Amino acid sequence: MSTAVLDKRPTGLPRVSQRYFPVLATLLLLVLMYLFGTFQYEGFASGQGVANLFIDNSYLIVVAVGMTFVILTGGIDLSVGAVVGLSTMVASTLLEDRGWSALLVIPVVLLIGCTLGGLMGAVIHYYEIQPFIVTLAGMFLARGLCYVISTDSQSITDGLYSDIALKTIPLGGGVVITYSVIVALAAVLVAYMVLHYTRLGRNVYAMGGSKQSAMLMGLPVARTTIAVYTISGFCAALGGILFSFYALSGSPNTAIGLELDAIAAVVIGGTLLIGGSGFVLGSVIGVLVLGLIQTIITFANLESYFTRITIGLLLFAFILLQRLVFARRSPGS
Amino acid sequence: MASAASSPVVQMTGIRKEFPGVKALDGVDLRLFAGEVHALMGENGAGKSTLIKVLTGVYTIDGGEIRLGGEPVLFSSPLQAQQAGVSTVYQEVNLCTNLSVAENIFIGREPRRMGAINWREMRRRAREALERVDLHIDVSQPLSSYSIAIQQMVAIARAVDISAQVLILDEPTSSLDQGEVQQLFRVMRQLKAEGLAIVFVSHFLEQIYEITDRMTVLRNGQLVGEWMTSELPQVELVSKMIGRDLATLEALEGENKRTLTALENATPVIQAKGVGRKGSVEPFDLSVYPGEVVGLAGLLGSGRTEVARLMFGADRADSGDFLVDGKPTHLRTPRAATSQGIAFTSENRRTEGLVGELTVRENIILALQAARGWTRPISRKRQDELVDEYIKALDIRPANPEQQVRNLSGGNQQKVLLARWLITRPKLLILDEPTRGIDVGAKAQIQKLVVSLSEEGMSVLFISAELEEVLRLSHKVEVLRDRRIIAELANDEGMTVEKIVETIAGDSREEVRA
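Residues numbered from 1 in each chain as written. Chains lettered and ligands numbered in written order. Predicted model: local features only at pLDDT ≥ 70, side-chain atom pairs only at ≥ 80, totals over all residues. Heavy atoms only, no water.

Looking at an unreviewed UniProt entry, chain B carries the name Sugar ABC transporter ATP-binding protein, with the source organism given as Motilibacter deserti.

An unreviewed UniProt entry annotates chain A as Sugar ABC transporter permease YjfF originating from Motilibacter deserti.

Each helix and strand in chain A was counted, giving 14 helices and 4 strands. Projected onto its principal axes, the C-alpha coordinates of chain A cover approximately 80 × 55 × 35 Å. Scored against the burial criterion, the 333 residues of chain A give a buried share of 51%. As displayed, chain A offers around 14,900 Å² of accessible surface, 68% of which is attributable to carbon and sulfur atoms. (Helix = DSSP H or I, 4+ residues; strand = E, 2+ residues; numbered from the N terminus. Buried < 20%, exposed > 50% of the residue type's maximum accessible area, 1.4 Å probe, protein only. Areas by Shrake-Rupley, 256 points an atom, 1.4 Å probe, with all protein chains shown as cover.)

Here the focus is the UniProt feature "transmembrane region" (unreviewed entry) in chain A. Residue and element names in this part refer to chain A. Residues given the UniProt feature "transmembrane region" (unreviewed entry) here are residues 20-39, 59-90, 102-126, 171-195, 226-248, 260-293 and 305-326. When the span residues 20-39 is considered, its composition is 95% helix and 0% strand, and the gap between its end C-alpha atoms is 28 Å. Note that residues 226-248 is 96% helix and 0% strand, and that its end C-alpha atoms are spaced 32 Å apart. (UniProt positions renumbered as here; feature names shortened; annotations may be inferred.)

Residue and element names in this part refer to chain A. For Met89, the position within the fold is in helix 4 (residues 80-97). Taking the C-alpha atoms as reference, Met89 lies 12 Å from Ile112; in sequence the two are 23 residues apart. Residues contacting Met89, with those up to four places away along its chain left out, are Cys146, Ile149, Ser150, Asp152, Gly250, Ser251 and Pro252. (Contact = heavy atoms within 4.5 Å.)

To continue, consider a positive patch on the surface. Residue and element names in this part refer to chain B. On the surface, a cluster of positive charge is made up of Arg113, Arg120, Arg123 and Arg127. Along the chain, Arg127 turns up in helix 4 (residues 119-132). Judged by relative accessible area, Arg127 falls into the partly exposed class, the value being 43%. (Patch = residues over 30% accessible without salt bridge, like charges linked within 9 Å, V, L, I, M, F, W, Y side chains within 5 Å. Salt bridge = Lys/Arg side-chain N within 4 Å of Asp/Glu carboxyl O. Lys, Arg positive; Asp, Glu negative; His and termini not counted. Charge placed at Lys NZ, Arg CZ, Asp CG, Glu CD.)

Turning our attention to the nonpolar core. One finds Leu130(B), Val154(B) and Leu167(B) to be the most contacted residues of the largest nonpolar core, which totals 153 residues. Per element, the largest residue contribution to this core is 16 residues, and it comes from helix 3 (residues 47-72) of chain A. Val154(B) has contacts with Leu95(B), Val101(B), Asn104(B), Ile105(B), Leu130(B), Leu135(B), Ile137(B) and Leu143(B), leaving out every residue within four places of it along the chain. Core analysis: the second largest hydrophobic core is formed by 77 residues, Val288(B), Met311(B), Leu422(B) and Ile486(B) among them. (Core = buried A, V, L, I, M, F, W, Y, C linked by side-chain atoms within 4.5 Å.)

All names here are of chain B. Partitioning chain B into domains gives domain 1 (10-242), domain 2 (244-341 + 427-441 + 452-514) and domain 3 (349-425). The interface of domain 2 with domain 3 comprises 13 residues on the first partner and 9 residues on the second. The three residues of domain 2 that bury the most area against domain 3 are Leu429, Pro434 and Ile438, which together make up 34% of that side's buried surface. Summed over the shared surface of domain 2 and domain 3, the result is 0 salt bridges. (Domains from an automatic or database assignment. Buried area = accessible area lost by both parts, 1.4 Å probe.)

Right, let's talk about a nonpolar patch on the surface for a bit. Residues and elements named next belong to chain A. A surface patch of nonpolar side chains, amounting to about 700 Å² of accessible area, comprises Leu24, Leu27, Leu28, Val31, Leu32, Leu35 and Phe39. Within the fold, Leu35 resides in helix 2 (residues 21-40). Relative accessible area serves as the criterion here: at 39%, Leu35 is assigned to the partly exposed category.

This paragraph deals with the sheet that holds strand 9 (residues 166-170) of chain B. Strand pairing in a sheet relies on backbone hydrogen bonds, with the paired strands running either antiparallel or parallel. Residues and elements named next belong to chain B. Strand order in the open sheet made by the 6 strands is 6-9-10-3-11-12, with mixed pairing throughout. Every other strand in the sheet has two partners, leaving strand 6 (86-89) and strand 12 (222-228) as the edge strands with one partner each. Taken pair by pair, the neighbouring strands of this sheet meet at an average axis angle of 20°, ignoring direction. Sheet analysis places strand 3 (residues 37-41) next to strand 10 (residues 197-201), joined by 3 bridges and oriented parallel. Note on strand 10: the bridge partner recorded for His38 is Val199. In the packing of helix 5 (residues 148-161) onto the sheet, the strands contacted are strand 6 and strand 9, and the crossing angle to strand 6 comes to about 175°. (Pairing = 2+ DSSP bridges. Axes fitted to C-alpha atoms, helices over the stretch in contact; angles between N-to-C directions.)

What follows concerns helix 15 (residues 410-422) of chain B. The terminal C-alpha atoms of helix 15 of chain B lie 18 Å apart, and with 13 residues this matches the ideal 18 Å at 1.5 Å per residue to within 8%. Buried residues dominate helix 15 of chain B, accounting for 13 of its 13 residues. (Expected span 1.5 Å × (residues − 1).)

How large an interface is tends to be reported as the accessible area lost when its parts come together. Every contact between the two is made by 42 residues of chain B and, on the other side, 34 residues of chain A. Together, the buried faces of chain B and chain A total about 3,300 Å²; carbon and sulfur atoms form 58% of this surface. At the boundary of chain B and chain A, one finds 2 salt bridges. A salt bridge links Glu103(B) to Arg202(A); its shortest N-O distance comes to 2.6 Å. The interface formed by chain B and chain A holds 10 residue pairs in polar contact (both at pLDDT 80 or more) in total. Elements with a minimum of two residues in the side of chain B that touches chain A: helix 2 (78-83), helix 3 (101-106), strand 8 (116-117), helix 5 and helix 6 (178-193) of chain B. Split by residue class, the side of chain B that touches chain A holds 18 nonpolar, 15 polar and 9 charged. (Polar contact = N/O pair within 3.5 Å; in protein donor to acceptor, adjacent residues only side chain to side chain. Nonpolar A, V, L, I, M, F, W, Y, C, P; charged D, E, K, R; others polar.)

Here you go:
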């Protein structure tokens, strides 16, 4: 009956390798894939090649950041692809048909995204409906609204808007990036700070660990649920703006199925689908892995559907990996 | 130590709480004094949990008054109660195991510097908070890497650190071993000396008498009374809790020795020959005769449940043979076992037995209906008859067949599960920890039921961590150690709990047959 009774060392692997293992595995995969591409294909390794990876996927990075918040709480947001589409439609219509200034259009689009997300969060919490169903409804609503606005695509010619979209920033050595990349990286940085250095962020992790416990510990579960879906809606709208920079058009068929790419990126990036464990940086790496697969397939002159097959296999492998890592951990509790 | 003359920290008077169809609390009073450990006593379903949830703001009351430090209060959320100084550590530790120990203590009130969480400060303060409960562990590790006992201490440290005046411990000892319980008691005594009012709920009467100063007894949602622990003998406490004299309990005491005679010629209901499963249980022989109660004794993890699961086909044996009524039979699935007249109630009644959303009636009918097949539904009239019969026979409370099972207390859920299988008239009933976590009254009822079932000729395989219970009910006891049946002990004149313990421990003087 000495104090020693409770002074047991934790069992299992040390924390570092365990918590970060899935992310590190993804990082390793990314490096291996890059090395493979470098040795296999001429002209694969270049500074601009890396920069293009970010330029081509900036919108997906932003959407995946929002998705990470939602998945960390144990939820899911299927509406993000449709919200991206809606955002491109709203932006192109307001800019071209209504002649609004880009400086006004961007806040309006972001506000629409936040509102949609916040509403879904509120419905999920207060009516206790599964996020899957609520955001599926949100997806149909947003996609439907796209076609209400127009069934045709609309190209964007607004001066300021295309300036922001096309302007490049030289990084030296002839490598350039776009403003979209900076926006995406800023979103990642902010998300990281929020998740790790604010109470909101920690509540997100706590809720993913156990919603019941979070409630009994007196944490603001309602506020947190609404917040994460609002964040996801915001990120989807921001992703939509970046996409419209990238395509310089708005189309009702934009980003169909993008939500699944985002979810895949988040899971490959090491975030647990049941919530409570994962990192936003992992999601970024997940997006880069998806982008790199695309690049390699292009270099290999393969049909583009091989991209989907590869992503599917990877996703499967990573979910198995998570099972193994966390199955080993669970007997403690 | 505060005297009874000083005013209580918490005074609850005339508390009423109703759920649809149930009066959970009806005019209950509770007084908590600073520097005292207060036991909240009562059978399962007496209203202890509801009273705690009322005090901690999980439920709002339908009537009565709560005063905290003399001021009337009304908590509408756990957060409000916590801020007012009432903290709870629940039976199943309600923390987030994915977060670090430090975060679990401070989440929701993390120390911040310039708006950002100050992790270093949080870890430092977490170490301090843990020192109050005499725990020295690495606070940056995730909580999941520590044992339940440590997680519970962390929960207490969190509760105490939220400058609690009132600490409620709901069944904190149910998953702790002896040493850990003593550690908990040391911490409780220390916190008591610091002036906290502690509420302690436990099914272990010895623990109640060891640690508490005062107790309040509830029965059927009503107040029985408040006593100083030292002034209420244990026997009287039990009779106050179950509301009747101890005849039921004592009737059982008389039947301590239960050796069946003239079994040698009978055919076993079930006979396992060299049955085993890799990584689960080593091959064993086991025979159960008609009307025989066979007890399985052994430590947690010794393979008791695994034996039961093999006998029921829930796990598939990879060696050996089964004989049912002397005929070789395959028991590969629970379905095959059920059709041979074998029934099994799992130790995890909530996850592996009952369907919480269904009613008592639907749960009871489930197995019988499954055995008949869905093409031959049982008429509603027949269902009602059967269910009423078993609700009466097993004294399931509330006696309402349309009540959702999840709203029943643990003991009553166990009875529903038993009723489900009894209704199918099995030859062999396998009971895995049927009395765990249920109160004295229901426990005695279930024990009595086992005895009368075996007298009617049903065979029972009885698993329990409580050796007294195993010994009291069984004709013979199979002793397990390290996933092996190491001995079969006839429950004859000389058999005692001590002898079983010695066998389990492996230092028995006499040679036991393996």
